[in-house]
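Each chain is listed here by its residues.
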Amino acid sequence: MNVNEYIESGVVEMYVAGLLGPEERKEFEQRLLMYPELSRELNMVQSSLSNFAQAHSVNPAPALRQRVADKFNTGDSGTTDKHNRTGEKADHSLTYKYMIAASLAALVISTFASWFFYTRWEEAENRYTSILGDKNQLEQNYNLIKFDHQRILSDLLIMRDLNTTVYPLRHHEAGMTYKVRVYWNKDSGETYVDVIMLPDLHNEEQYQLWAISGDEYIDAGVMNLSADYGLTRMKDISSAGAWAITVESKGGSKTPNLNKVVMRSN
Amino acid sequence: MQSRNSESELLVQISQGENQAIMKLYDEYSPLIYGIIINLVRDREKAEEIFLETFNSIISKSKSYKSEHNTLAIWLINMTRQAVYSITNQSQYSEYLKNSKSNPEQPFSVIKQAGDTYKSKHEAVLNELESGQRQMLEMILFGNYSQSEIAVALGVPLGTVKTRSRAALLKFRDGGKS
């Protein structure tokens, strides 16, 4: 390679001005080590161009030096900042103390208020509960009375019906009087019994009502003795001349046990 | 001009964040850097802002100087030129070139203002240059022009550019030997 031709191509100036690409640059730096002339030329161009540039030098304003110093130094101004910040911190911590004291006081007050109103609320709740209980009790009583009243009213309607015939059944035994009334409506066939007094039976026995038509005993149903008073509806009977009650085994019988007729109407 | 070793040393200290080294670089090279900037942008306020940014980018790239074959002055000149063009987002020199074409005798003038005390021993050499020579050196160093680009831009043969610019460079060499 002719070094002079290489130099004359202007490559040195371009290298100095940073105009070469990465590969040209690498090549130039390799040749720099091989050719002393190239190295000398580089030195010349470098010094000449920097001298040329120095000829254009201008002193910047002194204030610019301070701006540079401020930008890169953390000198006195930084320390002042720190002091200011500590002062602010002290102020803040005092403020925080007041805030903490105030919030503690608020906490105490609100805790007391909570307790006070909670007890008041609890009292009111208890009173409300007991009043609610009383109200329910009254409602129940009213319903019971209403139920009884309706039942008595309906019994009275049956008793007062002109088609209803009343058959009193009596029986005397060991100083006790057994009393039962049978109400029979001959138009509709509805039959009711009103147990006024009957002795309790064994568990496996039940009273059974029979309608007597001529010589025939017609089943009118078994009777459930209960604490309830008033009329109990039995089976409808189309014709009856008299009535009898027998003691039968539980569930009743199709034909009456005539040995155990407790009572019969006249 | 400092020796290559002490230049590297200074840049290593700067890359390690030593503030004294930063201010030393400023004191020695701010006229060179600022001179290029003010000549390119021609506005003092703008030049100062660009200077701060340029100086900042030089500091942040100080580590890369290790692998540089150029002298510190040349490296700084190249860094400055790149920074100005990237900050202003345009080639300021091409604008200057347009103006200088209408008035080719006006050189890339040094803006000397009242209070500027910088005296370069090379300044006198500028006056020895023929106007064409001076413009070629400006284009190479500040305008990022290759010789062939200069030939196209100025409308002269490439050979003429080579001989003229080389003659101009040789004039400055003597001054650089001190």
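Residues numbered from 1 in each chain as written. Chains lettered and ligands numbered in written order. Predicted model: local features only at pLDDT ≥ 70, side-chain atom pairs only at ≥ 80, totals over all residues.

**Student:** How should the overall build of chain A be read in this particular structure?
**Tutor:** Assigned secondary structure in chain A consists of 6 helices and 8 strands. Seen in sequence order, chain A has helices and strands lined up from the N terminus as α-α-α-α-α-α-β-β-β-β-β-β-β-β. Expressed as a percentage of its 266 residues, the buried residues of chain A come to 19%. In chain A, of all internal contacts separated by at least 6 residues, the share reaching a separation of at least 24 is 53%. (Helix = DSSP H or I, 4+ residues; strand = E, 2+ residues; numbered from the N terminus. Buried ≥ 20, exposed ≤ 12 C-beta atoms within 10 Å, placed from the backbone. Contact = placed C-beta atoms within 7 Å.)

**Student:** Honestly, the overall build of chain B in this entry has me stumped. Any pointers?
**Tutor:** Looking only at helices and strands, chain B features 9 helices and 0 strands. Taken from N to C terminus, the helices and strands of chain B fall in the order α-α-α-α-α-α-α-α-α. Long-range contacts, defined as pairs at least 24 residues apart, comprise 63% of the intrachain contacts of chain B with a sequence gap of at least 6.

**Student:** For this particular structure, what's the right way to read the sheet that holds strand β7 (residues 242-249) of chain A?
**Tutor:** All names here are of chain A. Taken in spatial order, the 4 strands make up an open sheet running β5-β4-β7-β8, and their pairing is antiparallel. Where the open sheet ends on each side, the last strands, each with one partner, are β5 (216-223) and β8 (261-264). Between one strand axis and the next, the sheet turns through 25° on average, direction left out of account. Pairing geometry for strand β4 (residues 205-213) and β5, over 6 bridges, is antiparallel. Considered in β5, the bridge of I212 is made with Y217. (Pairing = 2+ DSSP bridges. Axes fitted to C-alpha atoms, helices over the stretch in contact; angles between N-to-C directions.)

**Student:** Help me out: how do you make sense of the nonpolar core in this one?
**Tutor:** Grouped burial of nonpolar side chains is what soluble globular proteins tend to show. Within the largest apolar cluster, 63 residues are counted, with the highest numbers of intra-cluster contacts made by L49 and A53 of chain A together with I33, I36, I37, L76 and L141 of chain B. Sorting elements by how many residues they give to this core places helix α2 (residues 19-41) of chain B first, with 13 residues. Beyond its immediate chain neighbours, meaning those up to four positions away, I37 of chain B contacts A47, I50, F51, T54, T80 and V84 of chain B. Ranked by size, the runner-up nonpolar core spans 19 residues in total, among them W210, A220, L231 and A240 of chain A. (Core = buried A, V, L, I, M, F, W, Y, C linked by C-beta atoms within 7 Å.)

**Student:** Where do I start with the interface of chain B and chain A in this structure?
**Tutor:** Many structure descriptions define interface size as the accessible area lost when the parts assemble. Listed per partner, the contact involves 45 residues of chain B and 34 residues of chain A. Mapped onto the side of chain B that touches chain A, the elements with two or more residues apiece are α2, α3 (44-60), α4 (72-88), α6 (123-128), α7 (131-141) and α9 (158-175) of chain B. For the side of chain B that touches chain A, the leading source of residues is α2 of chain B, giving 12 residues. Looking at side-chain class alone, the side of chain B that touches chain A contains 24 nonpolar, 16 polar and 5 charged residues. (Nonpolar A, V, L, I, M, F, W, Y, C, P; charged D, E, K, R; others polar.)

**Student:** When you look at the environment of E68 of chain B in this model, what are you seeing that I'm missing?
**Tutor:** By the element assignment, E68 of chain B lies in the loop between α3 and α4. Note: C-alpha distance between E68 of chain B and S8 of chain B (60 residues apart in sequence) is 9.5 Å.

**Student:** Help me understand the packing of helix α5 (residues 62-72) of chain A against α2 of chain B, please; the structure alone is not making it clear to me.
**Tutor:** When two helices pack together, their arrangement is given by the angle between the helix axes and by the axis-to-axis distance. Put simply, α5 of chain A and α2 of chain B touch, their axes get as near as 10 Å, and they point 155° apart. Of the possible angle classes, the one that applies to α5 of chain A and α2 of chain B is roughly antiparallel. Handedness of the α5 of chain A/α2 of chain B crossing: right-handed. Residues R65, V68, A69 and F72 of chain A of α5 of chain A form the contact with α2 of chain B, whose own contacting residues are N19, I22, M23 and Y26 of chain B. Residue composition of the contact of α5 of chain A with α2 of chain B, grouped by class: 6 nonpolar, 1 polar and 1 charged. (Parallel < 35°, antiparallel > 145°, perpendicular 65-115°, else oblique. Left-handed = near helix turned anticlockwise from the far one by under 90°.)

**Student:** What am I meant to see in the sheet that holds strand β3 (residues 191-197) of chain A here?
**Tutor:** Strand pairing within a sheet occurs via backbone hydrogen bonds; the two strands may be parallel or antiparallel. All names here are of chain A. Strands sit in the order β1-β2-β3-β6 across an open sheet of 4 strands; the sheet is antiparallel. If you trace the sheet from one side to the other, it starts and ends with β1 (164-173) and β6 (232-233), each paired once. As judged from the 2 bridges shared by β3 and β6, these two strands associate in the antiparallel manner. Bridged to V193 within β6 is T232.

**Student:** Teacher, can you tell me more about the confidence of the model for chain A here?
**Tutor:** Any residue range with low pLDDT should be treated as having predicted coordinates unsuitable for detailed reading. Residues and elements named next belong to chain A. Scored by pLDDT, chain A comes out at a mean of 84, with 91% of its residues at no less than 70. At the level of individual helices and strands, chain A shows its lowest average pLDDT in β8, which scores 80, and its highest in helix α4 (residues 36-54), which scores 90. The low-confidence segment residues 74-87 (pLDDT under 50) makes 0 contacts with residues lying over four places distant or belonging to another chain. (pLDDT = per-residue confidence, 0-100.)

**Student:** Where do I start with the packing of α5 of chain A against α3 of chain B in this structure?
**Tutor:** For the pair α5 of chain A and α3 of chain B, interaxial distance at closest approach is 11 Å and the crossing angle is 35°. Classified by chirality, the crossing of α3 of chain B by α5 of chain A is right-handed. Contacts between α5 of chain A and α3 of chain B pair L64, R67, V68 and K71 of chain A from the former with E48, F51, L52 and F55 of chain B from the latter. Residues of the contact of α5 of chain A with α3 of chain B, tallied by class, amount to 5 nonpolar, no polar and 3 charged.

**Student:** Would you take a moment to explain the confidence of the model for chain B for this structure?
**Tutor:** Residues and elements named next belong to chain B. Averaged over every residue, the pLDDT of chain B is 79; the share at 70 or more is 78%. Mean pLDDT across the elements of chain B ranges from a minimum in helix α5 (residues 92-102), with 60, to a maximum in α3, with 91. Our summary of model confidence lists the complex with pTM equal to 0.53 and ipTM equal to 0.85.

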